[in-house]
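# Geometric and topological summary
So you can see what is in the structure, the chains are spelled out below.
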Amino acid sequence: MARTNFDSLLAAGAHFGHLKRKWNPAMAPYIFMERNGIHIIDLHKTVAKVDQAADALKQIAKSGKRILFVATKKQAKEVVAEKAASVGMPYVIERWPGGMLTNFPTIRKAVKKMANIDKLLSDGTYDKLSKRENLQIRRKRAKLEKNLGSIADLTRLPSALFVIDVMKEHIAVSEANRLGIPVFAIVDTNSDPRNIDFVIPANDDATKSIEMILDAVCGAINEGLEERKAEKVDMEAAGETKAAEKAEKAEAPAEEAEAPAAE
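In short, a report on the structure. (Residues numbered from 1 in each chain as written. Predicted model: local features only at pLDDT ≥ 70, side-chain atom pairs only at ≥ 80, totals over all residues. Heavy atoms only, no water.)

### Digging into the nonpolar core
Counting residues in hydrophobic clusters, the biggest one holds 35 residues, and the most contacted among them are Ile67, Phe69, Val80 and Phe162. Contacts of Phe69, omitting those with residues within four sequence positions, involve Val80, Ala84, Met89, Pro90, Tyr91, Val92, Phe162, Leu214, Cys218 and Ile221. The next biggest cluster of nonpolar side chains, apart from the first, holds 32 residues, and it includes Tyr30, Leu68, Leu144 and Ile151. (Core = buried A, V, L, I, M, F, W, Y, C linked by side-chain atoms within 4.5 Å. Buried < 20%, exposed > 50% of the residue type's maximum accessible area, 1.4 Å probe, protein only. Contact = heavy atoms within 4.5 Å.)

### Quick look at helix α2 (residues 43–62)
Between its first and last C-alpha atoms α2 spans 28 Å; for 20 residues at 1.5 Å apiece the expected length is 28 Å, and the two agree. When α2 is considered as a whole, its buried residues turn out to be Leu43, Thr46, Val47, Val50, Asp51, Ala53, Ala54, Leu57, Lys58, Ile60 and Ala61. In the segment just after α2, Gly64 is the residue with positive phi, at about 85 degrees. (Helix = DSSP H or I, 4+ residues; strand = E, 2+ residues; numbered from the N terminus. Expected span 1.5 Å × (residues − 1).)

### A look at helix α5 (residues 131–148)
Over its 18 residues, α5 extends 25 Å from the first C-alpha to the last, a length consistent with the 26 Å expected when each residue adds 1.5 Å. Check the buried side of α5 and you find it contacts α4 (104–122).

### What to know about the sheet that holds strand β4 (residues 67–70)
In spatial order, the strands read β5-β4-β6-β7-β8; together these 5 strands make up an open sheet with parallel pairing. The sheet is open, and its two borders are formed by β5 (91–92) and β8 (198–201), each paired with just one other strand. Direction of pairing for strand β6 (residues 160–164) relative to strand β7 (residues 183–187): parallel, over a ladder of 4 bridges. Within β7, the position partnered with Phe162 by the bridge is Phe184. Set on the sheet, α2 makes contact with β4, β6, β7 and β8; between it and β8 the angle comes to about 140 degrees. (Pairing = 2+ DSSP bridges. Axes fitted to C-alpha atoms, helices over the stretch in contact; angles between N-to-C directions.)

Rendered as structure tokens:
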């Protein structure tokens, strides 16, 4: 069963592309027609591509790996933060920190600095400083939280990126390409899909379009997480059963040895 459908995507305005003069020819396979100078996206292909991306993301989540969501455009920020947080995945909705992926150790140092400030604030170390110095430190902490708070638990490179608007997030896409990290993205008619591993052709400006696609992929990610959890419980149960059987086998010979011999 498809995770989205033609009618719902149509109602969300996912089919509206950009003006014909702004199109990227590489998006031709995903364009259905032109209407009043605007390209119309083939939503049948969008449905198929959403399913393909969702299945791949489900497997990534099921294997215990992390998916980084990236969307710094105004109309996508809130919905991306909400949907990514709902499945416990990291996200970037403020300015993309250059070298976020290609210079990951430096980003981790900044995150650790934020944690260190928290520790010193809580134990009263900074109370000894002047009011002005204390205020400067708290402002620095707030800035770090704004830019890096949503990736604080990302201790290693993500296994995939999910991007809204590949033109705006071209630096993030470039870094992922350099490191061989697969990129999933909502790609509009004015964008180049050739550097994207999983293209979802759709309107990347309409909040409803973005939300509907995120609902589908995050639903798949949640399924992967739940299946991973269930498998872990099954494995633990199987391990306990084997341990119990082993213990029973070990006790059996001892009981036989203690039994009196028949006359």
